[in-house]
Structures are given as C-alpha cells and as structure tokens.
Amino acid sequence: MARGFTIASRPWLRLLGLGALVSALGGGGAPAQAQHFSADLVRTAIHGGATASFGKLRVSDDKVRIETPDFPDGFFLIDGASRAAYFARPGERVFMDARQSSRLTQLFVPLDLGDPCLQWQAMAKLAGAADRNDPWRCERVGEESAGGRDVVVYRAISSPGQEFLGWIDPKLKFPLRIRLEDGMSISVENIREEPQPARLFEIPSGFGKFDPQALLKRIKQSDVWVEETPP
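Residues numbered from 1 in each chain as written. Predicted model: local features only at pLDDT ≥ 70, side-chain atom pairs only at ≥ 80, totals over all residues. Heavy atoms only, no water.

Enquirer: How should I be thinking about the overall build of the chain in this particular structure?
Expert: Scanning the chain from N- to C-terminus turns up three helices and twelve strands. By residue count, 46% of the 231 residues in the chain fall in the buried class. In the chain, of all internal contacts separated by at least 6 residues, the share reaching a separation of at least 24 is 55%. When the accessible area of the chain is evaluated, it comes to approximately 12200 Å², of which 50% is carbon and sulfur surface. (Helix = DSSP H or I, 4+ residues; strand = E, 2+ residues; numbered from the N terminus. Buried < 20%, exposed > 50% of the residue type's maximum accessible area, 1.4 Å probe, protein only. Contact = heavy atoms within 4.5 Å. Areas by Shrake-Rupley, 256 points an atom, 1.4 Å probe, with all protein chains shown as cover.)

Rendered as structure tokens:
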C-alpha cells in the first residue's frame, strides 16, 4: 500500500504504452499544511510573453491534485506528509511513481514560509532530480502582490548557477507563481477557497501500481527480448 493515499490494490494484467518510471525515497522535515482551494494553472512564455492554460490544481491541506494537458490521460497526486507523488491513469486503472515526468509535482506543494526550500528539495529528491547531500538555500527577496493576494518572494538556489523564484501566499502556504531558470513562469490563478472532496486526493479503489522494473524483467524473460551483440 502506498503511504498517504487510500488504495485498494489488485494484480494487473496488461500494461502497454507506459513510461519507465522508477521509485525513489525522499527526505526532509515535516511539511507545511496549506488550506483547501482549487485554481487554474497558467503558463507564461519567457519574460512575460504569451500566456496559455496549463491545467487545474486542487489542494487539501498537505495533499495536491494536478491535471495538466501535457498528460491528458491521467492526473498527479502529491502527499507532502508522506513524501509521495504519483501519476494515475484511469483508462488503464494503474498508478505509478511520478518521478521526473512533470516538474509541477516538485514545485507546487505546501510550503513552510520559514524555509520553503526544505519541501522543495525533499520533492526534488523524491523525483531523483536533486543531489541528496547538497542542501538548497532559500533567500527572501521581498513582498509583493500576485493576483490581488499578498505574497512573499523567495529565490531558491539548488546549486551554483541553478535557481528559480517563488511567490508564496502566507495564508495558503502555497506558491502562487514560479519563475524558472529560463524565464518561463507558471502561475496559480482564479483561486477558489472552498472545501475539496477527499476522494479527489485518493488513488481510486482497484488501481494497481505499475512497476517498470518488474515489466522490464518479464520482457527480458520472454521471447521478445533480444540481447545486443557487443561490437
């Protein structure tokens, strides 16, 4: 059973067309708890260019659900308390570790305003996208307004030459805007503070967990696998 989510797992039969995503362990301190709200994700091209819809977001305390057109056949679930991030595919009735399939699962998570880098780094480690021994550093840049809400701006530095900016809402304990290294921004807009159905943050009953390592092992043991001859 995956920690932090309600799962009624059962054996799966055939899984075709799924990416090879492998599991990883995360670390870090206790995460912050956000409030309950839903919102739209909007992507802005480099340095204030054209904007485009980038999906929908729902938050319930330390759990997050993200739906994005980049992955139209499923949705992401994040549990900050248990350091877990999954991608679920209802059509196949399976779920898998999100890993590095979307950076959204590493950035749009509940944060501790005192040190947001703790959770950002923990989620990057979970995805296998950060050095486990190199601590991140967050610098408070100032205070601004984003979408009519007061926010605190932080610069997150993960390593020399690699950093991004985050606009964090102290009330929601959640980033409302992230500006990446290349200048592209992703914003949380049209925020609706309201209770969220608990079922939206659970792996649906009957979904089986896809294990790419086990699938690869089965393929290697089948007649389909052909070992390449060394040059």
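Enquirer: Help me understand the state of the cysteines in this model?
Expert: Such a bond, covalent and formed between the sulfur atoms of two cysteines, is termed a disulfide. For the structure shown, the criterion picks out one disulfide. With a sulfur-sulfur separation of 2.1 Å, Cys117 is cross-linked through a disulfide to Cys138. Around the S-S axis, the bridge from Cys117 to Cys138 shows a dihedral of about 85° and counts as right-handed. Remark: Cys138 occurs in strand β7 (residues 137–146) and Cys117 occurs in helix α2 (residues 117–127); sequence separation between them is 21 residues. You can call Cys117 buried: its relative accessible area is 1%. (Disulfide = S-S within 2.5 Å.)

Enquirer: Whenever I open this one, the pairing of strand β6 (residues 94–97) confuses me. Can you help?
Expert: Each regular strand shows side chains that alternate between the opposite faces of the sheet. Sheet topology note: the strand β5 (residues 84–89)/β6 ladder contains four bridges and is antiparallel. Each residue of the ladder has a partner; that of Phe87, found in β6, is Met96. In this antiparallel pair of consecutive strands, β5 and β6, the connection spans four residues, and Arg93 shows a positive phi of 55°. Sheet topology places β6 next to strand β12 (residues 208–209); two bridges connect them, and they run parallel. Residue Phe95 lies in a different strand from β12, and its bridge partner there is Lys209. (Pairing = 2+ DSSP bridges.)

It is worth stressing that arrangement in space is one thing and function is another; only the former is reported here.
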